[in-house]
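Here's the letter readout for the chains.
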Amino acid sequence: MSEMSEASQVEEQSPDRLLIMAAGGIVERGRGPELRIALVQRQRYHNDLSLPKGKQDPGESLPATALREVYEETGCRVRLGDFAGCVQYFVGGTPKVVLYWKMQPLGDPDAFQPSGEVQQLHWLPPAEALAQLTYEDEKELLRRVYDLT
């Protein structure tokens, strides 16, 4: 394939196929030994346990994506805290980058209602959350954020 035809193929792809951007949160409740973080369980992904997150909508800022997705998946309205880090991986050959912020619930953290996407919400101590998470990249994020080994 010539350089010209390769370049035109890239230009014809929509921007969302070149890079998937997403955002989510490490939602915390309690402090010290009572600290718990939210993990969502999604049947669609073989009952995985993960941090709440989702894809950015067109024209939406990544902090707004994080707030929206956390609300959609947990039922919690949250306050955005410090940036916690990012993870990256591939979905069907397309790179995906997920940015995470620490967050605190503003209302009732037990307002969760199961949906077609998320069946359960689990509040776990960070070390237990680390052991229960399905994805290694999210485990590494928790290790960094909470200095877990």
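Residues numbered from 1 in each chain as written. Predicted model: local features only at pLDDT ≥ 70, side-chain atom pairs only at ≥ 80, totals over all residues. Heavy atoms only, no water.

The protein chain is annotated in an unreviewed UniProt entry as NUDIX hydrolase of Desulfurivibrio alkaliphilus.

**Quick notes on the overall build of the protein chain**
Each helix and strand in the protein chain was counted, giving five helices and seven strands. From first element to last, N terminus to C terminus, the protein chain shows the α and β order α-α-β-β-β-β-α-β-β-β-α-α. Sequence-distant contacts, at least 24 apart, represent 64% of the contacts inside the protein chain between residues at least 6 apart. On the protein chain, roughly 8600 Å² of surface is accessible, and the fraction owed to carbon and sulfur atoms is 51%. (Helix = DSSP H or I, 4+ residues; strand = E, 2+ residues; numbered from the N terminus. Contact = heavy atoms within 4.5 Å. Areas by Shrake-Rupley, 256 points an atom, 1.4 Å probe, with all protein chains shown as cover.)

**Some details on the pattern of salt bridges**
Scanning all chains against the criterion turns up 10 salt bridges. Two residues, Glu-60 and Arg-68, come together in a salt bridge whose shortest N-O distance is 2.8 Å. Glu-136 is the salt-bridge partner of Arg-143, the closest N and O atoms lying 2.9 Å from each other. (Salt bridge = Lys/Arg side-chain N within 4 Å of Asp/Glu carboxyl O.)

**Regarding the nonpolar core**
Ile-26, Leu-39, Leu-51, Tyr-100 and Leu-142 are the most contacted members of the largest nonpolar core, which has 18 residues in total. Looking at this core, the elements with two or more residues in it are strand E1 (20–29), strand E2 (36–42), strand E5 (78–91), strand E6 (94–105), helix H4 (126–132) and helix H5 (136–146). By residue number, the principal contributor to this core is H5, which donates three residues. The residues contacting Leu-51, other than those within four sequence positions of it, are Gly-25, Ile-26, Ala-38, Leu-39, Val-40, Tyr-100, Leu-133, Glu-138 and Leu-141. Val-40, Leu-62, Val-118 and Trp-123 belong to the second-largest nonpolar core, a separate cluster that totals 17 residues. (Core = buried A, V, L, I, M, F, W, Y, C linked by side-chain atoms within 4.5 Å. Buried < 20%, exposed > 50% of the residue type's maximum accessible area, 1.4 Å probe, protein only.)

**Quick look at the layout of surface pockets**
Each pocket or cavity is described by its volume, and for the largest pocket that value is around 610 Å³. Lining of the largest pocket is provided by 24 residues; of these, Ile-20, Tyr-45, Gly-54, Lys-55 and Lys-96 occupy positions nearest its centre. Only E1, strand E4 (53–55), helix H3 (62–74), E5, E6 and H5 provide two or more residues apiece to the lining of the largest pocket. Class assignment of the residues belonging to the lining of the largest pocket gives a composition of 10 nonpolar, two polar and 12 charged. (1 Å grid on protein atoms, 1.4 Å probe; cavity = no way out; pocket = protein on both sides within 12 Å on 5 of 7 lines; lining within 4 Å. Points joined across faces, edges and corners; volume = space filled by probe spheres on them. Nonpolar A, V, L, I, M, F, W, Y, C, P; charged D, E, K, R; others polar.)

**Some points on the packing of aromatic side chains**
Aromatic ring pairs are reported here in terms of the distance separating the ring centres and the angle at which the planes meet. Taken as a whole and judged by the stated rule, the model has one aromatic pair. Taking 5.4 Å as the distance between ring centres and 75° as the angle between the ring planes, the aromatic pair formed by Phe-83 and Trp-101 counts as edge-to-face. With Phe-83 in strand E5 and Trp-101 in strand E6, the pair connects residues that are 18 residues apart, well separated along the chain. Judged by relative accessible area, Phe-83 falls into the partly exposed class, the value being 47%. Seen from the ring of Trp-123, Arg-29 lies directly overhead, with NZ or CZ sitting 4.8 Å from the centre. Note that Arg-77 overlies the ring of Tyr-71, its terminal NZ or CZ placed 3.6 Å from the centroid. (Phe/Tyr/Trp six-rings, centres within 6.5 Å; stacked < 30°, edge-to-face > 60°. Lys NZ or Arg CZ within 6 Å of the ring centre and 35° of its normal.)

**A few points about H3**
Given a rise of 1.5 Å per residue, 13 residues ought to cover 18 Å, and the 18 Å separating the end C-alpha atoms of H3 matches this to within 8%. Looking at the buried residues of H3, the elements they touch are E1, E2, E4, E5, E6 and strand E7 (120–124). Following H3 by one or two positions, Gly-75 has its phi on the positive side, about 80°. (Expected span 1.5 Å × (residues − 1).)

**Description of the side chain of Thr-74**
With respect to the helices and strands, the residue Thr-74 is situated in helix H3. Overall, the relative accessible area of 1% leaves Thr-74 in the buried class. For Thr-74, the side chain forms a polar contact with the main-chain oxygen of Val-70, separated by 2.6 Å. Within the structure, Thr-74 has its side chain in polar contact with the backbone nitrogen of Cys-76 (distance 3.0 Å). When near neighbours in sequence (up to four residues on either side) are disregarded, Thr-74 contacts Val-40, Pro-52, Phe-112 and Leu-121. (Polar contact = N/O pair within 3.5 Å; in protein donor to acceptor, adjacent residues only side chain to side chain.)

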